[in-house]
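# An overview of the molecular structure
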Amino acid sequence: MRERIIDALSELSEARGFYNVTMDELSERAGMSKRTVYRYFTGKEEIIEAVLDEFMATVAAGIEDIVQGEKNIVDMFAELVKHLARPGGKIGNPLVLRDLRVHYPHFWHKIEGFRAAEVQRFIHLAMVKNNLAWQVNPQIFMTVFLAAVQAVVNPDFILDQGLTFNEVTGQLVELFSYGLVGRNGLCLMNGNIKG
């Protein structure tokens, strides 16, 4: 029953976000009475948290799979960027993201904290697995990496710049893997920067 309720909110949130979904709509979509819904959850916020917890568990499992794979550090980072940037099912919906930021900031902070902790864990494990030592302060690297993913791998930036998801993730991986001088030793800057 809990899963049916969680799935119902996930489905409704695609078109309505979280905030605009009523408990009446939720119970109807789940195929049960509101009273039954309240037997399993105290209210909509608790259901939203359950949806987010499922999302975070999926993200954490994907990161674990990347770390366990037999890959070099560059390939691991490429997969991490793609994994973190995936639309995230219903959570990646712009309506849901807006609702989290505006109406449920405590959940927004929970997701941001989770993402930061998972990236830090991933970087540590990737460095250990590849037997690499830090040449820069690890906290600086992690902060810059997280900020780049948040700023660049998001629907607004991709659409505003006329890019594709694959272009953005590919270039972000190239930049973090090889710096401003790409893998071919050529400067990654091409053309003028528009301000």
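Residues numbered from 1 in each chain as written. Predicted model: local features only at pLDDT ≥ 70, side-chain atom pairs only at ≥ 80, totals over all residues. Heavy atoms only, no water.

If you look at the biggest cluster of nonpolar residues, it comprises 52 residues, and the most contacted ones within it are Phe18, Leu26, Leu100, Phe122, Ile123 and Phe145. Of all elements in the fold, only helix 1 (2–16), helix 2 (23–30), helix 4 (44–68), helix 5 (73–85), helix 6 (94–102), helix 7 (105–129), helix 8 (138–152) and helix 10 (165–178) reach the threshold of two or more residues within this core. Examining the composition of this core, we find that 10 residues originate from one element, helix 4, more than from any other. The contact partners of Leu26, leaving out residues within four places of it in the chain, are Ile5, Ala8, Leu9, Leu12, Val21 and Ile47. (Core = buried A, V, L, I, M, F, W, Y, C linked by side-chain atoms within 4.5 Å. Buried < 20%, exposed > 50% of the residue type's maximum accessible area, 1.4 Å probe, protein only. Helix = DSSP H or I, 4+ residues; strand = E, 2+ residues; numbered from the N terminus. Contact = heavy atoms within 4.5 Å.)

Once that is clear, we can look at the packing of aromatic side chains. Throughout the structure, instances matching the rule amount to 3 aromatic pairs. Among the aromatic residues, those joined into a cluster by ring pairs are Tyr19, Tyr104 and Phe107. (Phe/Tyr/Trp six-rings, centres within 6.5 Å; stacked < 30°, edge-to-face > 60°.)

The N-to-C vectors of helix 4 and helix 7 enclose an angle of 10°; their axes lie 11 Å apart at closest approach. Classed by the angle they form, the pair helix 4 and helix 7 counts as roughly parallel. Classifying every residue of the contact of helix 4 with helix 7 gives 13 nonpolar, 2 polar and 8 charged. (Axes fitted to C-alpha atoms, helices over the stretch in contact; angles between N-to-C directions. Parallel < 35°, antiparallel > 145°, perpendicular 65-115°, else oblique. Nonpolar A, V, L, I, M, F, W, Y, C, P; charged D, E, K, R; others polar.)

The subject of this paragraph is helix 7. With 25 residues, helix 7 ought to run about 36 Å at 1.5 Å a step, and its terminal C-alpha atoms sit 36 Å apart, in line with that. Regarding helix 7, the residues found buried are Phe107, Trp108, Ile111, Glu112, Phe114, Arg115, Glu118, Val119, Phe122, Ile123, Ala126 and Met127. A positive backbone phi angle near 55° is found at Asn131, which sits one or two residues after helix 7. (Expected span 1.5 Å × (residues − 1).)

Taken as a whole and assessed by the stated rule, the structure comprises 8 salt bridges. The salt bridge partner of Glu64 is Arg121, with a shortest N-O separation of 3.0 Å. With Glu64 in helix 4 and Arg121 in helix 7, this residue pair connects regions lying 57 residues apart in the sequence. The exposure class of Glu64 is partly exposed, given its relative accessible area of 29%. Three or more residues joined by partner-sharing salt bridges are found here, namely Glu49, Asp53 and Lys110. (Salt bridge = Lys/Arg side-chain N within 4 Å of Asp/Glu carboxyl O.)

For the rest of this paragraph, the subject is the confidence of the model for the protein chain. When the pLDDT values of the protein chain are averaged, the result is 81; 85% of them are 70 or greater. When the criterion is pLDDT under 50, residues 191–195 qualifies, and its contacts beyond four places in sequence or with other chains add up to 0 contacts. (pLDDT = per-residue confidence, 0-100.)

Interhelical geometry of helix 1 versus helix 2 gives an angle of 120° and a closest axis separation of 8 Å. For the element pair helix 1 / helix 2, the angle class is oblique. In this structure, helix 1 crosses over helix 2, and the sense of that crossing is right-handed. In contact with Arg4, Ile5, Ala8, Leu9, Glu11, Leu12 and Arg16 of helix 1, helix 2 contributes Glu25, Leu26, Arg29 and Ala30. (Left-handed = near helix turned anticlockwise from the far one by under 90°.)

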